[in-house]
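Residue-level structure breakdown
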Amino acid sequence: MWFKNLKLFRLSNTWTWTAEQLDAFLAKEQFVSPGAAAPMASGWTPPREEDVRLAYSVGQQILCAFRSEKKLLPASVINQFVKQRAIELEEQQGFKPGRKQLRDLKEEVTNALIPRAFSLTRDTRIWIDPVNHWLVIDTASATKAEEILSALGKAIYPFPVEPIQVTISPAVAMTQWITSGQPPANFTIDQDAELRAGGDKAAAIRYVKHALDSVDIEKHIQSGKQCTRLALTWHDKVSFVLTEALDIKRVAPQDILDEADQLAPANEAEKFDGEFTLMCAELNLLFAGLLDSLEEKKLIQAA
C-alpha cells in the first residue's frame, strides 16, 4: 500500500471539494480499455479493485489511481515488416520506394500490427490530503507527474495545486547535514549519497552502503561538490532518499508495518484502510519535519 517514490505538491487552500464530488468529476474521464486498433488509453480507475469509487476516502484522506494502457510494439518489429514490404513494393513498381512511400508503409504496418500487440497497463496512485494540503503522486517520473496533473486539471479546472518552494535548497541543506553530521531533528543519515560538481556534465560520485563521515567525502565537498541525493531515516520509522529536486524516493517503512499487522485487521478492506491511514499519518509528520528544516515558503494559510 505504501507509496514508493513521491512527487510532492502543495494543495491550495482553495480546495473545497469532498471525496464524493471529486469522484463525480473523475468519472467523466474514467479509464476505458482501448480497442484493438488504439495504441494507448488512459483515465481514472478505482484504487481498490473491490471498490467502485474513483476517489477512495478514509477519514478525510483521499486516494485515487490513474491508469495508462499502451500497446507494446517494438520499433525493430515495425522496421522488419516495413523492410519486407518495401522489397515487395520495389519488385512491383520496378524502383525503390521513396521517402513518402516508406512513411506510408510504416503507418500501414503499424496500424496492422497494433491489434496483435501486447498491452502494458500501469496504475499510478495519487494521495490528496485536504487537511494538511498535500498532493502526492507515487511516481519517480516527472513526465508521469505532469500527465497526472494535466488529467486532474481536466477534471477540475483549474486544479488547485502549487509547487513547493523552500528558502534553503535541498542540495545545500544535505551537504551541510553531511559536513556537520547533524541532520534535522528526528532524522538520521544513512549510508547512500551522491555528490556532484556544478554543471550538467560535471563528475558525480555515488556512495552505497558507505559511511558518510570519511575524509574522502569531506575533500570532495571542500572541492565544490554538493550532495544531490541522500539516504535518510525519519524517527526510525521510514527510510527514504531525498534528491536535490525535493523528490522523495525509495520510501521504505520499517517496523511500523509489523506493528500494524499485530492489530489483526478483520479483512482485506480493513487492512487496506489501516495501512493507508498509517502511511498518511507517518508521511505527514515526515513532510512537516523535512520542509521545516528547508524553511518552506508559506503560500497557503494553515489548516
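Report on the accompanying structure. Note that this is a predicted model, so its numbers are computed, not measured.

Calculation criteria
Residues numbered from 1 in each chain as written. Predicted model: local features only at pLDDT ≥ 70, side-chain atom pairs only at ≥ 80, totals over all residues. Heavy atoms only, no water. Helix = DSSP H or I, 4+ residues; strand = E, 2+ residues; numbered from the N terminus. Rg over C-alpha atoms; globule rule 2.2 N^0.38 Å. Buried < 20%, exposed > 50% of the residue type's maximum accessible area, 1.4 Å probe, protein only. Contact = heavy atoms within 4.5 Å. Areas by Shrake-Rupley, 256 points an atom, 1.4 Å probe, with all protein chains shown as cover. Lys, Arg positive; Asp, Glu negative; His and termini not counted. Charge placed at Lys NZ, Arg CZ, Asp CG, Glu CD. Expected span 1.5 Å × (residues − 1). Arc of directions from axis to C-beta. Pairing = 2+ DSSP bridges. Phe/Tyr/Trp six-rings, centres within 6.5 Å; stacked < 30°, edge-to-face > 60°. Lys NZ or Arg CZ within 6 Å of the ring centre and 35° of its normal.

Here the focus is the overall build of the protein. Across its full length, the protein carries 8 helices and 12 strands. For 303 residues, the compact-globule estimate of 2.2 N^0.38 gives 19 Å, and the protein exceeds it by more than 25% at 24 Å. With the principal axes as the frame, the protein shows a C-alpha extent of 75 × 55 × 40 Å. Burial analysis of the protein (303 residues in total) assigns 42% to the buried set. Restricting the contact set of the protein to residue pairs at least 6 apart, pairs at least 24 apart contribute 68%. Surface summary for the protein: the accessible area is close to 16800 Å², and the carbon and sulfur share equals 51%. Of the charged side chains in the protein, 34 are positive and 41 negative; the average position of the first set lies 9 Å away from that of the second.

In a regular helix each residue adds 1.5 Å, so 19 residues correspond to 27 Å; helix α2 (residues 75-93) covers 26 Å between its end C-alpha atoms and thus fits that length. Along α2, the residues classified as buried are Ile78, Val82, Ala86 and Leu89. Mapping the buried residues of α2 onto a view down its axis gives an arc of 70 degrees, with all of them on the same face. Across from the buried face of α2, at angles greater than 90 degrees, the exposed residues are Ser76, Gln80, Lys83 and Glu91. On its buried side, α2 packs onto α3 (99-113). Positive backbone phi, approximately 85 degrees, marks Gly94, located one or two places after α2.

What follows concerns the pairing of strand β4 (residues 61-72). In terms of residue burial, β4 counts as a mostly covered element, since 9 of its 12 residues are buried. Relative to β4, strand β2 (residues 40-45) runs antiparallel, the two sharing 6 bridges. Pairing of Gly43 across the sheet is with Arg67, part of β4. In this sheet, β4 lies alongside strand β3 (residues 56-58) in antiparallel orientation, the contact comprising 3 bridges. The residue of β4 that forms the bridge with Ser57 is Ile62. What sits between the antiparallel neighbours β3 and β4 is a turn of 2 residues, in which Gly59 has the positive phi angle 65 degrees. With 11 bridges connecting them, β4 and strand β5 (residues 118-129) associate as antiparallel partners. Bridge pairing in β5 links Leu72 to Phe118.

This part takes up the environment of Pro34. Inspection of the secondary structure puts Pro34 in the loop between α1 (19-27) and β2. Considering only alpha carbons, one finds Pro34 and Lys71, 37 residues apart in sequence, at a separation of 9.2 Å. The contacts of Pro34, once residues within four sequence positions are left out, are Met40, Ala41 and Glu69.

Moving on to the packing of aromatic side chains. If you walk through the whole model with that rule in mind, you get 8 aromatic pairs. With centroids separated by 5.3 Å and ring planes inclined at 80 degrees, the aromatic side chains of Trp15 and Trp17 adopt a geometry described as edge-to-face. In this structure Trp15 comes out as buried when scored by relative accessible area, which is 11%. Between Tyr56 and Phe272, the ring centres sit 5.6 Å apart and the planes meet at 90 degrees, which makes this aromatic pair edge-to-face. Of the two residues, Tyr56 sits in strand β3 while Phe272 sits in helix α8 (residues 268-293), which places them 216 residues apart along the sequence. When its relative accessible area of 18% is taken as the criterion, Phe272 is described as buried. Each member of the aromatic cluster is reached from another via a ring pair, and the members are Trp15, Trp17, Phe25 and Phe159. If you follow Arg10 out to its NZ or CZ, it ends over the ring of Trp134, 3.8 Å from the centre. For Arg48, the ring lying beneath its charged end belongs to Phe272, and the centroid distance is 5.2 Å.

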